[in-house]
Amino acid sequence: MTAEAAGPWLVGDVGGTNARFALVETPDAAPTRVRVLPTRDFTGLGEAAAAYLADETVRPAAACLAVAGPVGGGRYHLTNADWRPGEVADVRERLGLPVVEVVNDFAALAASLPSLGPDDMRPVGGDTAPAPDGTAPLAVLGPGTGMGVAGLVPVPGGQWIPTPGEGGHVDAPAATDEEIEVARLLRDECGVASAELLLSGDGLARLHRLLGAVRGTPAEPLTAAQIVAGLDDPLCADAVAVFCALLGSFAGNVALTLGARGGVYLGGGILPRITDALEASDFRARFEAKPPVEGYLRAIPTALVVHPYPALLGAAAHLARTHPVQGAAAPTLETV
């Protein structure tokens, strides 16, 4: 390990709702002392990380903080919170650490995939999903406060490089007449019909409301949590079913765009709450329904990541790659 990064590491996963922090004792160790803080309680990344460290007696030697938004040129932007775009140098100064790196949260989630085992995955589309191709790119996506997307590309030497993007802001993948009408109403309301405006926490609430409007049965405004808890109500159940179907089309688009023959993995905070509905939905059928490349997509496995803190693992993996321990083995995809 480089001298300036020797010692425990601070890792973080900061989204529009929650900021998760932990310490990692060694590059291949599980995160410990995990705490979840409300993002809204802070005005910036440095303040949130400093609040976590204020209750810790260990001073980390390095930090990697994943944020839900674009990162580049020494700047980051948490897009679904009231924070202004920030400078990585300011975070480093606030924390007083020699090494502070900020990465996109789904790039961190992608970087975690080689470290995850079978118990950390739940196949979506049946237990007979094909095994991942360890020589091909992977994709990870997921709805939470927003919609995140990233790839993971194999490079010579057994290494994997995350490729973050802002794929959640592409056009909504409406396919049925009803979905197209929902997208039209969404465009009239918001000026754009993007995937994230339907495939996110607020998106599920929006989808529920617009679906009622399209059907001529105006619905009481509900939050995503209320919709998920109210699946005995027909409109709530239908909203979740349409949500999963749209997600399947979106995931198929991502797989084709990235050539993700190694698998498409689902993350985010919403799907673990609706796993049974996801399994019973048209997700996988819509994932494959891309004539004339159904066979290409049929061979790509889809799975839900059920590890509680994968982005924290990925943040540690990023530091292990950029500040490697001499002689340490790089993670492989054999355990995925």
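Per an unreviewed UniProt entry, the protein is named Glucokinase, and its organism is Actinomadura miaoliensis. The annotation that UniProt attaches to the protein under Subcellular location (unreviewed entry) is "Cytoplasm". UniProt annotates the protein under Catalytic activity (unreviewed entry) with the comment "D-glucose + ATP = D-glucose 6-phosphate + ADP + H(+)".

Chemist: For this particular structure, what's the right way to read the nonpolar core?
Modeler: Where a protein is soluble and globular, its nonpolar side chains tend to be buried together. Residues Leu141, Val264 and Leu266 are the most contacted members of the largest nonpolar core, which totals 47 residues. For this core, the leading source of residues is helix H7 (residues 234-258), giving 13 residues. Here Leu266 is in contact with Val124, Leu141, Leu271, Leu278, Phe283, Ala303, Leu304 and Val305, once residues within four sequence places are set aside. One finds Leu10, Ala19, Val88 and Leu97 within the second-largest nonpolar core, a separate group that totals 27 residues.

Chemist: Would you mind showing me how to read the sheet that holds strand S5 (residues 71-72) here?
Modeler: Sheets are built from strands that pair by backbone hydrogen bonding, the pairs being arranged parallel or antiparallel. The 3 strands are arranged S5-S6-S7 in an open sheet whose pairing can be described as antiparallel. Strands at the two margins of the open sheet, each flanked by one partner only, are S5 and strand S7 (86-87). Here S5 pairs with strand S6 (residues 75-76) via 2 bridges, running antiparallel. Residue pairing in the sheet places Val71 in a bridge with Tyr76 of S6.

Chemist: Would you explain the sheet that holds strand S3 (residues 32-38) in this entry?
Modeler: Strand order in the open sheet formed by 5 strands is S3-S2-S1-S4-S8, and the pairing between neighbours is mixed. Unpaired on one side and paired on the other, S3 and strand S8 (99-104) mark the two borders of the sheet. Pairwise comparison of adjacent strand axes, ignoring direction, gives a mean angle of 15° for this sheet. Direction of pairing for strand S1 (residues 9-14) relative to strand S4 (residues 62-67): parallel, over a ladder of 6 bridges. In the sheet register, Gly12 faces S4, and the bridge partner there is Leu65. The sheet strands contacting helix H2 (residues 88-95) are S1, S4 and S8, and the helix crosses S8 at an angle near 135°.

Chemist: Quick question: what am I supposed to make of the confidence of the model for the protein here?
Modeler: Keep in mind that low pLDDT regions are not for reading the predicted coordinates in detail. Residues at a pLDDT of 70 or more form 92% of the protein, whose mean pLDDT is 90. Low confidence marks residues 326-336, where pLDDT is under 50. Its contacts with residues over four positions away, or in another chain, come to 25 contacts.

Chemist: Is there a simple way to explain the pairing of strand S11 (residues 147-155) in this structure?
Modeler: The side chains of a regular strand alternate between the sheet's two faces. Pairing of strand S10 (residues 138-143) with S11, which is carried by 6 bridges, proceeds in the antiparallel orientation. Its bridge partner lying in S11, Leu138 is registered against Leu152. Linking S10 back to S11 in an antiparallel pair, the connection comprises 3 residues. Strand direction decides the pairing type here: S11 and strand S12 (residues 159-164), joined by 6 bridges, are antiparallel. Residue Gly151 lies in a different strand from S12, and its bridge partner there is Thr163. Remark: 3 residues form the turn of the hairpin made by S11 and S12, two consecutive strands paired antiparallel; Gly157 in that turn has positive phi of roughly 95°.

Chemist: What am I meant to see in the layout of surface pockets here?
Modeler: It is a probe the size of a water molecule, rolled over the atoms, that shows where empty space is left. Empty space within the largest pocket amounts to approximately 1200 Å³. Taken together, 49 residues line the largest pocket, and the ones lying closest to its centre are Gly144, Thr145, Gly146, Gly268 and Gly269. Elements that contribute at least two residues to the lining of the largest pocket include exactly strand S2 (18-24), helix H3 (105-112), S11, helix H5 (201-214), helix H6 (224-229) and helix H11 (310-322). Ranked by residue count, the leading element in the lining of the largest pocket is H5, at 4 residues. Broken down by class, the residue content of the lining of the largest pocket amounts to 17 nonpolar, 24 polar and 8 charged.

Chemist: Before we go on, may I ask you to explain the environment of Cys190 in this structure?
Modeler: If you trace the backbone, Cys190 turns up in helix H4 (residues 177-190). Along the primary structure Cys190 and Leu304 are separated by 114 residues, whereas in three dimensions their C-alpha atoms are 30 Å apart. Leaving out residues up to four positions away in the same chain, Cys190 has contacts with Leu197 and Arg206.

Chemist: Looking at this structure, how should I read the UniProt feature "binding site: ATP" (unreviewed entry) in the protein?
Modeler: The sites that UniProt annotates as "binding site: ATP" (unreviewed entry) are Gly12, Asp13, Val14, Gly15, Gly16 and Thr17. Checking the annotated residues one by one, the ones that line the largest pocket turn out to be Asp13, Gly15, Gly16 and Thr17. Along the chain, the position of Asp13 falls in strand S1. Its place among the elements puts Gly15 in the loop between S1 and S2. Given the relative accessible area of 15%, Gly15 is considered buried. Excluding residues within four positions of it along the chain, Gly15 makes contact with Thr39, Ala68 and Leu78.

Scoring rules and cut-offs
- Residues numbered from 1 in each chain as written.
- Predicted model: local features only at pLDDT ≥ 70, side-chain atom pairs only at ≥ 80, totals over all residues.
- Heavy atoms only, no water.
- UniProt positions renumbered as here; feature names shortened; annotations may be inferred.
- Core = buried A, V, L, I, M, F, W, Y, C linked by side-chain atoms within 4.5 Å.
- Buried < 20%, exposed > 50% of the residue type's maximum accessible area, 1.4 Å probe, protein only.
- Helix = DSSP H or I, 4+ residues; strand = E, 2+ residues; numbered from the N terminus.
- Contact = heavy atoms within 4.5 Å.
- Pairing = 2+ DSSP bridges.
- Axes fitted to C-alpha atoms, helices over the stretch in contact; angles between N-to-C directions.
- pLDDT = per-residue confidence, 0-100.
- 1 Å grid on protein atoms, 1.4 Å probe; cavity = no way out; pocket = protein on both sides within 12 Å on 5 of 7 lines; lining within 4 Å.
- Points joined across faces, edges and corners; volume = space filled by probe spheres on them.
- Nonpolar A, V, L, I, M, F, W, Y, C, P; charged D, E, K, R; others polar.

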